[in-house]
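Residue-level listing of the chains:
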Amino acid sequence: MNLKHLLMTPGPVPLPDFVLNALSEPMIHHRTPEFSNLLSNTLNHLKLVFKTKQPVMCVSSTGTGAMEAAILNTLSPGDSVLVVVSGKFGERWSKICETFGLNTQVINVTWGEPVDLKSLESLVNNNKFKAVFSQVCETSTGTLQPIQEMSKIIKTNPECLFIVDAISAMGAIDIPMDEWNLDVVVAGSQKAFMIPTGLSMIALSEKAWGRYEISKLPKFYFDLKAEKLANEKKQTAFSSSVSLIRALNAVLEKWSLKDFKEQIVQCTLYSSATQSAILQLGLSVFSQSPSTTLTAILLPESIDGQKLRSHLEEKHKITVMGGQDQLKGKIIRIGHLGYITKEDLVVTINNLGLPLIELYPDFLNQSQLDQCVSELKKNLDL
Ligand SMILES: *Cc1c(COP(=O)(O)O)cnc(C)c1O
């Protein structure tokens, strides 16, 4: 591979050199004082990112494993739960709930929209849900859900837990777990934490830990109390993902100096610059409530998103994501998380414009693209 391949997806994300260096360090055994110190340092830092007094645990699995753990550790077969489904990841919550025999009700939200708080309120008031599930950012549509407002509604029922998938948000959007009264929060390594896929993070509120004691769903690998007890001894319940935790620690050490504000600032700048650029190209933002962590671009009917995406991949070595299911071919998703420079974003937007000119000359011309790119550079202070 001679050309630099640009990974502009909302996870996995490009890794900074200091992460690559951490990953290449020699292996050490996980039952050593050296690793114990690394682990406890990492877990302490994670509490600052989650903004919680509760322990944050690392699970050696992709984000979905921690989603499953959230359910197994707090609920029992037959429990009534409500899932906010506004895209593919909301569907995943509901599939896991159904798999484990929960009595699963769904609010179907039009893809790209935030949940209607009035509908949520009436469902919560008229049912005895043991838990409500949502994404912070629904990555399949680039949509942010109003988590703080949702939490206030859900908390009117003291029996109901609020279980939140923050996998594509935690570390790049402020989600103060304790202040917002969130009961279970799940995060993942390959998104804002900018390390490889394979590690997830999870924290439970005091109330959720109380629910653990009565939860009857079977759990072994994902038994979070076993993990918590092991963590108290600066160990993990099973073999530790030493390299991933070392890389995560390197990121958190950098962040502790700046409170991960740098990543928040990057995402805010990149998403607003991307939004203005695509409007200038004659395209639009798909979401009614766009997340700063990625931008979903809505293409006009006349443009084939799959063709555009493969053109970017094959000709320009830039990977972006398309849409899934009902959005197949209709949207392009560009990630703003991880080690992406301003220049990378400019190259991506420019190379998104080039095939539009080539394949759809009536839609865009070169001088419009030039103008868009020069304004984008200005917005990015380049
Ligand atoms: C990436 C992602 C996941 C988890 O996916 P894994 O492939 O299991 O790591 C879950 N939810 C959201 C919102 C995501 O963006």
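Here we summarise the structure given alongside this text.

The rules behind the values
- Residues numbered from 1 in each chain as written.
- Predicted model: local features only at pLDDT ≥ 70, side-chain atom pairs only at ≥ 80, totals over all residues.
- Heavy atoms only, no water.
- Near = heavy atom within 4 Å.
- Polar contact = N/O pair within 3.5 Å; in protein donor to acceptor, adjacent residues only side chain to side chain.
- Areas by Shrake-Rupley, 256 points an atom, 1.4 Å probe, with all protein chains shown as cover.
- Helix = DSSP H or I, 4+ residues; strand = E, 2+ residues; numbered from the N terminus.
- Nonpolar A, V, L, I, M, F, W, Y, C, P; charged D, E, K, R; others polar.
- Expected span 1.5 Å × (residues − 1).
- Buried < 20%, exposed > 50% of the residue type's maximum accessible area, 1.4 Å probe, protein only.
- Pairing = 2+ DSSP bridges.
- Contact = heavy atoms within 4.5 Å.
- Axes fitted to C-alpha atoms, helices over the stretch in contact; angles between N-to-C directions.
- Parallel < 35°, antiparallel > 145°, perpendicular 65-115°, else oblique.
- Left-handed = near helix turned anticlockwise from the far one by under 90°.

### Concerning the site of the ligand
Line of reasoning, step 1. In the vicinity of the ligand lie 14 residues, with Thr 62, Thr 64, Thr 139, Asp 165 and Lys 191 positioned nearest.
Line of reasoning, step 2. Between an oxygen atom of the ligand and a side-chain N or O atom of Lys 191, the distance comes to 2.7 Å.
Line of reasoning, step 3. Within the complex, 89% of the 380 Å² of free accessible area of the ligand lies under protein.
Line of reasoning, step 4. Mapped onto the shell around the ligand, the elements with two or more residues apiece are helix H3 (63-72) and helix H4 (88-99).
Line of reasoning, step 5. When grouped by side-chain class, the residues that make up the shell around the ligand number 4 nonpolar, 7 polar and 3 charged.

### Some remarks on helix H12 (residues 342-359)
Line of reasoning, step 1. For H12, with 18 residues, the first-to-last C-alpha span of 26 Å sits near the 26 Å given by 1.5 Å per residue.
Line of reasoning, step 2. Of the positions making up H12, those classed as buried are Asp 344, Leu 345, Val 346, Thr 348, Ile 349, Asn 351, Leu 352, Gly 353, Pro 355, Leu 356 and Ile 357.

### Here's the deal with the sheet that holds strand E12 (residues 294-298)
Line of reasoning, step 1. Sheet architecture is open: 3 strands sit in the order E11-E12-E14, paired in antiparallel fashion. Looking along the sheet, the strands with just one partner apiece sit at the ends: strand E11 (284-285) and strand E14 (331-335).
Line of reasoning, step 2. Two strands pair when backbone bridges link them, and E11 and E12 are joined in this way by 2 bridges, in the antiparallel orientation. Residue pairing in the sheet places Ser 284 in a bridge with Leu 298 of E12.
Line of reasoning, step 3. Against the sheet, helix H10 (residues 261-280) touches E11 and E12, its axis set at about 10° to E12.

### Considering the sheet that holds strand E2 (residues 56-59)
Line of reasoning, step 1. Spatially, the 7 strands line up as an open sheet ordered E2-E10-E9-E8-E5-E3-E4, and their pairing is mixed. A strand with exactly one partner marks an edge of an open sheet, and here the two such strands are E2 and strand E4 (103-108). Neighbouring strand axes in the sheet, compared pairwise and without regard to direction, differ in orientation by 20° on average.
Line of reasoning, step 2. Here E2 runs beside strand E10 (residues 200-204); their pairing, made up of 4 bridges, is antiparallel. Each residue of the ladder has a partner; that of Val 56, found in E10, is Ala 203.
Line of reasoning, step 3. Docked against the sheet, helix H2 (residues 33-50) engages E2, strand E9 (184-188) and E10, running at close to 110° with respect to E2.
Line of reasoning, step 4. Sitting on the sheet, H4 touches strand E3 (80-85), E4, strand E5 (131-135) and strand E8 (161-165), and the angle it makes with E3 is about 160°.

### Quick look at the packing of helix H5 (residues 117-126) against helix H6 (residues 147-154)
Line of reasoning, step 1. Contact geometry for H5 and H6: axes closest at 9 Å, N-to-C directions at 25°. When the axes of H5 and H6 are compared, the pair comes out roughly parallel. H5 and H6 meet at a crossing whose hand is right-handed. Facing H5, whose interface residues are Leu 117, Leu 120, Glu 121 and Val 124, H6 presents Glu 149, Met 150, Ile 153 and Ile 154.
Line of reasoning, step 2. Looking at side-chain class alone, the contact of H5 with H6 contains 6 nonpolar, no polar and 2 charged residues.

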